[in-house]
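Chain residues, written in single-letter form:
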Amino acid sequence: MTGPVVVGFDGSPESLAAAAWAAREAQRRGLRLDVLQAWPRPKHVPPGSESGDHPALAQLAEREGELRALVPEVTVAATSVAGDPVEALEAAGQGAAVLVVGSRGLGTLRGFLIGSVSQEVLRRAACPVVLVRAGGDEPDGEVMVGLDLGRPAEAVLAFAFEAAALRSAPLRVVHVWSPPAGSAYMSYGAIGGLEREASAAEDSGLAQALEPWRIHHPEVEVTTELIRGKPAVDLVDAAGSARLLVVGRRVRRMPLRHHHIGPVAHAAIHHVHCPVAVVPYG
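Bear in mind the structure is a predicted one, so any value in this text is a computation, not a measurement. (Residues numbered from 1 in each chain as written. Predicted model: local features only at pLDDT ≥ 70, side-chain atom pairs only at ≥ 80, totals over all residues. Heavy atoms only, no water.)

Overview of unusual backbone geometry
Line of reasoning, step 1. Backbone geometry at Ser168 places phi at a positive 50 degrees, although glycine is not the residue there.
Line of reasoning, step 2. With respect to the secondary-structure elements, Ser168 resides in the loop between helix H5 (154-167) and strand S7 (171-177).
Line of reasoning, step 3. In this structure Ser168 comes out as exposed when scored by relative accessible area, which is 70%. (Helix = DSSP H or I, 4+ residues; strand = E, 2+ residues; numbered from the N terminus. Buried < 20%, exposed > 50% of the residue type's maximum accessible area, 1.4 Å probe, protein only.)

And the structure:
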């Protein structure tokens, strides 16, 4: 998608970090940066007419100027809208390449995204959503992507390979798998043989899934890792050294109120310290 990079802004430390991250991402991608400020003031009251608006609008203008100085080659557009933050972000995400929001860390988002609003945005957004912690400048290091071979997600791999290529960074592809059901009741020797066969099959499936992406992005150094365990736990542990973690969110064909972000994405956004990109796929 060639739309802008959109970032939610409310003046909190988290949104300040998110805006800086989004500016650098727009620079990497050669895209416009849209800074979006929203809160549900009465719709019949125009922006700037309430006393509470003036400090917020001044802060938005100040941040816009700072971002222009940070990435002078990027077109930066700041907008303040009267409306629900979830709805505003969802609408902006319809035409965005990436949607960026600030994350308070270890479980909650605040300010622009309050309480359950964070998960509402994640499960509604049509584009990849990146969550950035306060002080969340990317360290040097690898991009990491969690891959589920049971549900191949081309959009997730596309985002991960592009992110690694844009950063000239290595890409680590991690697949967490579990032994076949019922193996706990087998003999130790049988379990060992079965697990070796299962591991070999998983390794082969991983290589097959990545082959076309390696060809498409020969400039990206790719390493793979198979981890025997539980994805929602072990993927979080594996991401300790990552500069960016990419995970998928399956888009289900059901009413929106029944959509979920999934246990792996849920664990990642609550417990991983680096920026986390959640990519929808169908």
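From this point, the discussion proceeds with the structure in view.
Observations concerning the packing of helix H1 (residues 13-29) against H5
Line of reasoning, step 1. Closest axis-to-axis distance for the H1/H5 pair is 10 Å, and the angle between their directions is 85 degrees. With respect to their mutual orientation, H1 and H5 come out roughly perpendicular. Taking contact as the criterion, the partners of Trp21, Glu25, Arg28 and Arg29 in H1 are, on H5, Phe159, Glu162, Leu166 and Arg167.
Line of reasoning, step 2. In the contact of H1 with H5, the residues fall into three nonpolar, no polar and five charged. (Axes fitted to C-alpha atoms, helices over the stretch in contact; angles between N-to-C directions. Parallel < 35°, antiparallel > 145°, perpendicular 65-115°, else oblique. Contact = heavy atoms within 4.5 Å. Nonpolar A, V, L, I, M, F, W, Y, C, P; charged D, E, K, R; others polar.)

Brief notes about the sheet that holds strand S3 (residues 76-82)
Line of reasoning, step 1. Overall, mixed pairing links the 10 strands, which are arranged S3-S2-S1-S4-S5-S10-S9-S6-S7-S8 in an open sheet. Here the strands that pair on one side only, and so sit at the sheet edges, are S3 and strand S8 (222-228). Pairs of neighbouring strands in the sheet enclose a mean axial angle of 25 degrees, with direction left out of account. (Pairing = 2+ DSSP bridges.)

Topic: the nonpolar core
Line of reasoning, step 1. Leu33, Val100, Leu171 and Val246 are the most contacted members of the largest nonpolar core, which totals 47 residues.
Line of reasoning, step 2. Excluding residues within four positions of it along the chain, Leu33 makes contact with Val5, Val7, Ala19, Ala22, Ala23, Ala26, Leu67, Val74, Thr75, Val76 and Ala77.
Line of reasoning, step 3. In terms of nonpolar packing, the next biggest core, distinct from the first, is built from 35 residues, Val101, Leu245, Ala265 and Val278 among them. (Core = buried A, V, L, I, M, F, W, Y, C linked by side-chain atoms within 4.5 Å.)

Considering the packing of aromatic side chains
Line of reasoning, step 1. If you walk through the whole model with that rule in mind, you get one aromatic pair.
Line of reasoning, step 2. Note on Phe161 and Trp213: the rings are 6.0 Å apart at their centroids and 25 degrees apart in plane angle, and the pair reads as stacked. A residue pair is termed long-range when its members are at least 10 positions apart, and Phe161 in helix H5 and Trp213 in helix H6 (residues 188-216) qualify at 52 residues. Neither Phe161 nor Trp213 differs from the other in exposure class; each is buried.
Line of reasoning, step 3. Note that Arg28 overlies the ring of Trp21, its terminal NZ or CZ placed 5.9 Å from the centroid. (Phe/Tyr/Trp six-rings, centres within 6.5 Å; stacked < 30°, edge-to-face > 60°. Lys NZ or Arg CZ within 6 Å of the ring centre and 35° of its normal.)

A look at the confidence of the model for the protein chain
Line of reasoning, step 1. Looking at the protein chain, pLDDT values average 83 and 79% of them are 70 or higher.
Line of reasoning, step 2. Averaged pLDDT values for the elements of the protein chain fall to 75 in H6 and rise to 97 in H5.
Line of reasoning, step 3. Here residues 106-115 is a poorly scored stretch, pLDDT under 50, and it has 31 contacts once near neighbours within four places are set aside; other chains count. (pLDDT = per-residue confidence, 0-100.)

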